[in-house]
Amino acid sequence: MQDPIPTTALPSGQTIPVLGQGTWHMGEKKTSAAEEAKCLRHGLDLGMTLIDTAEMYADGGAERIVAEAIRGRRNDAFLVSKVLPSNASRDGTIRACESSLKRLGTDHIDLYLLHWRGRYPLRETVEAFESLKQAGKIGAWGVSNFDPDDMEELLGVPDGGHVAANQVLYNLARRGIEYDLLKDSQSRGIPIMAYSPLDEGRLMRHPDLIHIAKAHQATVAQVALAFLIRNPGVIVIPKTGTQERVRENRATVEVHLTDDDLAILDRAFPPPGRKMPLEMI
Ligand SMILES: NC(=O)c1ccc[n+]([C@@H]2O[C@H](COP(=O)([O-])OP(=O)(O)OC[C@H]3O[C@@H](n4cnc5c(N)ncnc54)[C@H](OP(=O)(O)O)[C@@H]3O)[C@@H](O)[C@H]2O)c1
């Protein structure tokens, strides 16, 4: 029996697992589509019920893979999708959401994010998000790639304080948010969803990570993910297209890093000593 996946709370009080599944690059190749859907279903079976997708991924193809994965078990999943900034006008956001709902084969998205800031005023996008919420088409809304200044501005627009999450690049090699954004978000009770938590796979060969992983009879990916989810209010959404790695990522919750491990990691991947511009992929 594995340890259950810890949860964190959205500002509404709804709890969600801190370990979910990403879908970027899924749906790009017909030949791997069935296996990708199987991976997501396997993750659902193991309690990784938060699935992150976006209208942008494979031009809607990733949402179609998610639809396949949740067919007949919609209530097992907490779905996150995103509107492109180029669609994020008042009417455009509503149209984009309705298209995502069709592709996802569902009548609601649990958390709907603005993928990054674009040319439309935040006030317009927030208005659209609020009306989607009223209509029951989304459960909550949030943002992605918002730095502390963007968050301040958002909190200043009408209903901007209803923001439920901020999804940003955060992993051992990119710790900039620890300087300010992470603490601000924690103090406001707004979860941070860490995207590319494995730095898109680039962390795998790091000697210090290999050393720590060996000491815990764990893997490098598990150490990298465990480092992030030890922070209150941080959710990770690793993406994998293989079921073996779904199981491996799920088992992250068994890995508890020690103070010595953390000191080694701080030397190998120094935390920010000054404000850094928010990195994006
Ligand atoms: N909001 C945004 O702007 C934004 C930007 C980027 C990503 N995201 C979201 O965040 C999710 C995760 O980020 P990401 O996909 O960029 O990168 P990631 O999760 O850091 O890394 C994915 C890569 O790591 C490999 N991998 C997964 N598990 C592994 C393991 N246990 N051992 C070794 N390699 C492993 C995967 O390969 P295999 O598939 O072959 O296993 C894939 O190549 C995305 O899928 C997407 O949902 C959001």
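Quantities reported herein were computed from a predicted structural model and do not represent experimental measurements.

### Side note on the site of the ligand
The full set close to the ligand counts 27 residues, and D52, L198, K239, T240 and R245 are the nearest of them. Between the ligand and W24, the relevant distance is 2.9 Å, taken from an oxygen atom to a main-chain nitrogen or oxygen of the residue. Between D199 and the ligand, the recorded distance is 3.4 Å, taken from a backbone N or O atom to an oxygen atom. Taken by itself the ligand offers 900 Å² of open surface, and the protein chains cover 88% of this. The element best represented in the shell around the ligand is helix α9 (residues 243-250), accounting for three residues. Residues that form the shell around the ligand fall into these classes: nine nonpolar, 11 polar and seven charged.

### What about the environment of R119?
Looking at the secondary structure, you find R119 in the loop between β5 (109-114) and α4 (122-134). Overall, R119 belongs to the exposed group, its relative accessible area being 63%. Placed 31 residues apart in sequence, R119 and A88 show a C-alpha to C-alpha distance of 8.5 Å. Polar side-chain contacts of R119 include one of 3.0 Å to the side chain of Y120.

### Section: the pairing of β5
Across the six residues that make up β5, a large majority, six, are buried. Bridging between strand β4 (residues 78-83) and β5 involves four bridges; their strand directions are parallel. Looking across to β5, one finds that V80 is bridged to L111. For the segment spanning β4, helix α3 (residues 90-104) and β5, crossover handedness is right-handed. Of the strand pairs in this sheet, β5 and strand β6 (residues 138-144) are connected by five bridges, and their pairing is parallel. In the strand pairing of β6, I109 is matched with I138. Note that the unit made of β5, α4 and β6 has a crossover that is right-handed.

### Concerning the UniProt feature "domain: NADP-dependent oxidoreductase" (unreviewed entry) in the chain
The feature "domain: NADP-dependent oxidoreductase" (unreviewed entry), as given by UniProt, occupies residues 19-267 in the numbering adopted here. Strand forms 13% of residues 19-267 and helix 43%; the C-alpha atoms that close the span are 26 Å apart.

### Let's talk about helix α6 (residues 181-188)
Three or more residues of α6 are buried, namely L181, L182 and S185. Buried residues in α6, looked at end-on, bunch into an arc of 100°, giving them a common side. The secondary structure elements touched by the buried residues of α6 are α5 (148-156), β7 (166-169), β8 (192-195) and β9 (234-236).

### Re the pairing of β7
Along β7, one buried face is formed by N166 and V168 and the opposite face, lined by Q167 and L169, is buried too. Judged from the two bridges that link them, β6 and β7 form a sheet pairing that is parallel. Each bridged residue has a counterpart across the sheet, and for S144 the counterpart in β7 is Q167. Relative to β8, β7 runs parallel, the two sharing four bridges. Within the sheet, the bridge partner assigned to Q167 lies in β8 and is M193. You can see the chain leave β7, run along α6 and come back into β8, and the turn it takes is right-handed.

### Details of the packing of α3 against α4
Direction vectors running N to C along α3 and α4 enclose 45°, while the axes themselves pass 8 Å from each other. Judged on the interaxial angle alone, α4 and α3 are oblique. α3 and α4 meet at a crossing whose hand is right-handed. Contacts between α3 and α4 involve R90, T93, I94 and C97 on the former and, on the latter, E124, T125, E127, A128, F129, S131 and L132. The residue makeup of the contact of α3 with α4, split by class, is five nonpolar, three polar and three charged.

Parameters and conventions
Residues numbered from 1 in each chain as written. Predicted model: local features only at pLDDT ≥ 70, side-chain atom pairs only at ≥ 80, totals over all residues. Heavy atoms only, no water. Near = heavy atom within 4 Å. Polar contact = N/O pair within 3.5 Å; in protein donor to acceptor, adjacent residues only side chain to side chain. Areas by Shrake-Rupley, 256 points an atom, 1.4 Å probe, with all protein chains shown as cover. Helix = DSSP H or I, 4+ residues; strand = E, 2+ residues; numbered from the N terminus. Nonpolar A, V, L, I, M, F, W, Y, C, P; charged D, E, K, R; others polar. Buried < 20%, exposed > 50% of the residue type's maximum accessible area, 1.4 Å probe, protein only. Pairing = 2+ DSSP bridges. Right-handed = clockwise from strand over helix to strand, strands pointing away. UniProt positions renumbered as here; feature names shortened; annotations may be inferred. Arc of directions from axis to C-beta. Contact = heavy atoms within 4.5 Å. Axes fitted to C-alpha atoms, helices over the stretch in contact; angles between N-to-C directions. Parallel < 35°, antiparallel > 145°, perpendicular 65-115°, else oblique. Left-handed = near helix turned anticlockwise from the far one by under 90°.

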